[in-house]
Amino acid sequence: AILSVATALPEGRLSTAELAAALGVSEECIFSRTGIRERRRAAPHERLSDYAALAGAAALERAGLPAAELDLVIVATMTSDEITPNTAPIVAHALGAHRAGAFDVGAACSGFVVGLAQGAAQIECGRAQHVLLIGADFITRVTDYEDRQTAPLFADAAGAVVLGVGGAGRGVIGPIVLGADGSHAETIIATQTDRVLRMDGPEVFRNAIARMTAVTLETVARSGLELTDIDLFVYHQANARITRALGGRLGLAPERVVDCIELLGNSSAATLPVALLAAEQDGRLRPGARVLLSAF
């Protein structure tokens, strides 16, 4: 079960108005295509590992769990401070999780779901009792601010959850469906040479809607449920148009779909814990709710 959720957000902000002026387009043009008015941006001196540790510490406090009791720390990120070491061992050390194993998951925007699958599996097979899962990305570090297609989308954030044994009123984590298609390797790409994100926007848009629709239906079916049984749909906050198109294709009322991108932007692996906390704060993530997570 997910025992707690917390986030750590940089104070720095980049407004759509500022970005529009730099790109030579209107603010409304960017907003209509992304649904974003403002995105968080870390300062040059700030470290991803520090924000990941802050989010992790807050999640541990909310779960009432000392860091010393963690068996595993997983950080989902594609923007580590260094190529090596991984972020997770640095975070584990900062938190005092001295007996925990620690590793990073490099699965881009789907990293949090992949990490959730790994952490849940360790608990289910009895190899761990408590896992700290963090999604953290400083995507502005790999954003080309001269590219009108990608510059308006990306942001920085960290979010964390504590995973523990379910049941006894704590809820449970149900079926997890993972997929991949390496034939689209160049659809979203950042090479080691230039370390800047490049994206085929229309292809990403088409695939994001199609793939998350399909995996939503498959996961609900594996759970033995119907779409109407799910109280809350928490999708990767990639672009408001994608989130709303997903809801429309699946016939979901807007209040059942979390949409918190307007003041936060797309922070890749961090968006799911950020969205979970937003739903908790507005009262939609509540005890007994059935929740579906999906990322692409």
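Placed above this text is the structure.
One structure accompanies this document, and this report is about it. All figures in this text were calculated on a predicted structure; none of them were measured in a lab.

**A short note on the packing of helix 3 (residues 48–63) against helix 4 (residues 87–95)**
Look at helix 3 against helix 4: their axes get within 9 Å of each other, and the N-to-C directions meet at 50°. Here helix 3 is positioned oblique relative to helix 4, judged by the angle of their axes. In terms of crossing hand, the pair formed by helix 3 and helix 4 is right-handed. In contact with L48, S49, A52, A53, G56, A57 and L60 of helix 3, helix 4 contributes T87, I90, V91, A94 and L95.

**With respect to the environment of L276**
Topologically, L276 is positioned in helix 8 (residues 271–281). Between the C-alpha atoms of L276 and R99, which are 177 residues apart in sequence, the distance is 28 Å. Ignoring anything within four residues of it in the chain, the contact list for L276 reads V5, V234, L285, V291 and L293.

**Remarks on the nonpolar core**
Counting residues in each nonpolar core, the largest one holds 29 residues, and the members touching the most others are V131, L133, L163, V234 and V258. Going through the elements one at a time, strand 4 (72–76), helix 5 (111–124), strand 6 (130–138), strand 7 (156–164), strand 10 (232–235) and helix 8 are the ones with two or more residues in this core. Dropping the residues within four chain positions of it, V258 is found in contact with L232, F233, V234, Q237, T243, A275, A279 and R284.

**Concerning the packing of aromatic side chains**
Counting across every chain of the model gives two aromatic pairs. With centroids separated by 5.6 Å and ring planes inclined at 65°, the aromatic side chains of Y51 and F138 adopt a geometry described as edge-to-face. Taken as a pair, Y51 in helix 3 and F138 in strand 6 lie far apart in primary sequence, 87 residues in all. Sitting over the ring of F31, R37 keeps its end group 3.6 Å from the ring centre. Of note, R41 hangs over the ring of Y145, and the distance from its end group to the ring centre comes to 5.4 Å.

Criteria and cut-off values
The residue count restarts for each chain, going from 1 along the sequence in the order it is written. Residues qualify for local features only when their pLDDT is at least 70, as the model is predicted, and side-chain atom pairs are given and counted only at 80 or more; totals for whole chains, interfaces and linings, by contrast, use all residues. Side-chain measures were taken over the full set of non-hydrogen atoms in the model, leaving aside hydrogen atoms and water. Angles here are taken between N-to-C directions and fall from 0 to 180 degrees, while the axes themselves are lines fitted to C-alpha atoms, restricted in helices to the stretch in contact. Helix and strand assignments follow DSSP, with helices taken as H or I runs no shorter than four residues and strands as E runs no shorter than two, numbered in order from the N terminus. Any angle between 65 and 115 degrees counts as roughly perpendicular, while under 35 counts as roughly parallel, over 145 as roughly antiparallel, and the rest as oblique. In this scheme, a crossing is called left-handed if the near helix is turned counterclockwise away from the far one by less than a right angle; it is called right-handed if the turn is clockwise. Contacts are assigned to residue pairs with any non-hydrogen atoms lying within 4.5 Å of each other. To qualify as a nonpolar core, a set must consist of buried Ala, Val, Leu, Ile, Met, Phe, Trp, Tyr and Cys residues joined through side-chain atoms within 4.5 Å. Note on classification: 1.4 Å probe, protein chains only; a residue is buried when its accessible area is under 20% of the maximum for its type, exposed when over 50%, partly exposed between these limits. Two rings belonging to Phe, Tyr or Trp (six-membered ring only in the last case) form a pair when the distance between their centres is within 6.5 Å. Interplanar angles under 30 degrees mark stacking, angles over 60 mark edge-to-face geometry, and anything in between is tilted. Both a distance and an angle decide whether a charge sits over a ring: NZ of Lys or CZ of Arg must be within 6 Å of the ring centre and within 35 degrees of the ring normal.

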